[in-house]
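Summary of structural features
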Amino acid sequence: EPGSSVAAVIGGSKVSTKLPVIEGLLKSVNVLILGGGLAFTFLKAQGVPIGDSLLEESMIDTAKDLLKRAEETGKKIVLPVDAVCGTSFPKGPVSIEETKTFELVPGKGIEDGWCGFDTGPKSNDVYKESLTGVTKLVMNGPMGVFEIPPYDQGTKGLVDILEDITKQGCVTVVGGGDSVAALEQFHKAHVVSYVSTGGGATLELLSGIDLPGVAAIEEIE
């Protein structure tokens with residue numbers, strides 16, 4: 001569609017479970033923001049130290065290929081540039097003093113013994129800039145362990161960005177149980193254009209996969 005700019009925000013823990021969707025979205029979006037645990041495999045593929053953060057070793061080459069494919073086709077993959085980390089998975093709210101924020105760039109990165117549980121404030125600055133002028137956006141998956149403070153701030157910051165661009169006329173679709181739960185936690189379910197609990201189906205449709213139910217409706221029409 002002339003004059004439109006389409007973006008997707010994909011979070012979640014594993015590249016392997018979101019791979020078909022990421023591959024499909026690269027064909028149809030201009031900007032693809034990757035966050036959550038799956039982002040660390042892409043960062044590792046770029047040579048950024050990720051400490052003890054979640055990593056799918058078997059997917060590193062796939063991540064490299066996707067990054068290369070995006071560059072060759074003029075698509076923009078946006079990764080976190082900082083991470084809020086802890087030394088162990090949080091079982092309940094933790095104090096800021098128990099966390100440490102690391103820059104996610106080659107030559108720096110996360111120290112051994114630390115795990116990334118949320119995106120940092122600089123990442124949301126990058127996301128905001130990347131989404132400027134976007135006319136359509138779909139989000140599936142949070143940016144971190146949003147259920148447990150202070151690891152909720154990255155996802156909250158992204159939701160605030162979605163609220164702003166929706167007010168500016170962007171059509172924003174948020175799908176998936178965790179994403180919807182995050183909106184509700186921040187009392188922001190009303191600030192986006194559409195909310196769908198069928199996140200996987202939403203993304204499959206947008207990535208070009210035929211859904212039997214939708215196909216049946218189209219046949220009737």
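Described in the following lines is the structure provided in the data block. (Residues numbered from 1 in each chain as written. Predicted model: local features only at pLDDT ≥ 70, side-chain atom pairs only at ≥ 80, totals over all residues. Heavy atoms only, no water.)

Backbone hydrogen bonds hold the strands of a sheet together, and the pairing may be parallel or antiparallel. In spatial order, the strands read E3-E2-E1-E7-E8-E9; together these 6 strands make up an open sheet with parallel pairing. For this open sheet the edge positions go to strand E3 (76-78) and strand E9 (194-196), each flanked by a neighbour on one side alone. Pairs of neighbouring strands in the sheet enclose a mean axial angle of 15°, with direction left out of account. In this structure, strand E2 (residues 31-34) lies alongside E3, joined through 3 bridges in parallel fashion. In the strand pairing of E3, Leu-32 is matched with Ile-77. Sheet strands touched by helix H4 (residues 121-130): E2 and E3. Its angle to E3, the strand with the most contacts, is close to 155°. (Pairing = 2+ DSSP bridges. Helix = DSSP H or I, 4+ residues; strand = E, 2+ residues; numbered from the N terminus. Axes fitted to C-alpha atoms, helices over the stretch in contact; angles between N-to-C directions. Contact = heavy atoms within 4.5 Å.)

Inspection of every chain in the model, using the stated rule, returns 3 aromatic pairs. Consider the rings of Phe-89 and Phe-117, whose centres lie 5.6 Å apart with planes at 90°: the pair is edge-to-face. Taken together, the residues Phe-89 in the loop between strand E4 (82-86) and strand E5 (100-103) and Phe-117 in strand E6 (residues 115-119) connect sequence positions 28 residues apart. Exposure remark for Phe-117: the relative accessible area of 9% places this residue in the buried category. These aromatic residues form a ring-pair network of at least three members: Phe-89, Phe-117 and Tyr-151. (Phe/Tyr/Trp six-rings, centres within 6.5 Å; stacked < 30°, edge-to-face > 60°. Buried < 20%, exposed > 50% of the residue type's maximum accessible area, 1.4 Å probe, protein only.)

We now examine helix H5 (residues 153-167). Taking 1.5 Å as the rise per residue, H5 with 15 residues should run 21 Å; its terminal C-alpha atoms sit 21 Å apart, in good agreement. The complete set of buried residues in H5 reads Gly-154, Thr-155, Gly-157, Leu-158, Val-159, Ile-161, Leu-162, Glu-163, Ile-165 and Thr-166. Elements in contact with the buried residues of H5: strand E1 (6-10), E6, H4, strand E7 (136-140), strand E8 (171-175) and helix H6 (177-185). One or two positions beyond H5, positive phi appears at Gly-169, with a value near 110°. (Expected span 1.5 Å × (residues − 1).)

A separate point is the state of the cysteines. In the structure shown here, the tally under the stated rule is 0 disulfides. In this model Cys-85 remains outside any disulfide bridge; the closest cysteine sulfur is found in Cys-115, 7.7 Å from its own. Cys-85 sits in the buried class, given a relative accessible area of 0%. (Disulfide = S-S within 2.5 Å.)

Attention now goes to the pairing of E2. The alternating pattern of E2 places Val-31 and Ile-33 and Leu-32 and Leu-34 on opposite faces, both of which are buried. Strand direction decides the pairing type here: E1 and E2, joined by 4 bridges, are parallel. Paired with Ile-10 across the two strands is Leu-34, which belongs to E2.

With that settled, consider the environment of Lys-75. Among the structural elements, Lys-75 can be located in the loop between helix H3 (60-73) and E3. Sequence separation of Lys-75 and Leu-32 is 43 residues, and the distance between their C-alpha atoms is 7.8 Å. Here Lys-75 is in contact with Leu-26, Lys-27, Ser-28, Val-29, Asn-30 and Ala-70, once residues within four sequence places are set aside. A distance of 3.4 Å separates a polar side-chain atom of Lys-75 from the backbone oxygen of Lys-27. (Polar contact = N/O pair within 3.5 Å; in protein donor to acceptor, adjacent residues only side chain to side chain.)

Attention shifts here to the packing of helix H1 (residues 15-28) against H3. Put simply, H1 and H3 touch, their axes get as near as 11 Å, and they point 10° apart. Taken together, the axis directions place H1 and H3 in an arrangement best described as roughly parallel. Together, Leu-19, Ile-22, Glu-23 and Leu-26 of H1 and Thr-62, Leu-66, Arg-69 and Ala-70 of H3 make up the contact between the two elements. Split into classes, the residues belonging to the contact of H1 with H3 amount to 5 nonpolar, 1 polar and 2 charged. (Parallel < 35°, antiparallel > 145°, perpendicular 65-115°, else oblique. Nonpolar A, V, L, I, M, F, W, Y, C, P; charged D, E, K, R; others polar.)

Below, the discussion takes up the side chain of Ser-123. With respect to the secondary-structure elements, Ser-123 resides in helix H4. Polar side-chain contacts of Ser-123 include one of 2.9 Å to the backbone nitrogen of Val-81. Those residues within four positions of Ser-123 in sequence are excluded, and the remaining contacts are Pro-80, Val-81 and Asp-82.

Taken as a whole and judged by the stated rule, the model has 9 salt bridges. Among the salt bridges present, the one from Lys-156 reaches Asp-160, with a minimum N-O distance of 3.4 Å. Here the residue Lys-156 and the residue Asp-160 both occupy positions in helix H5, the gap between them amounting to 4 residues, near one helical turn. Taking the relative accessible area as the measure of exposure, Lys-156 reaches 30% and is therefore partly exposed. (Salt bridge = Lys/Arg side-chain N within 4 Å of Asp/Glu carboxyl O.)

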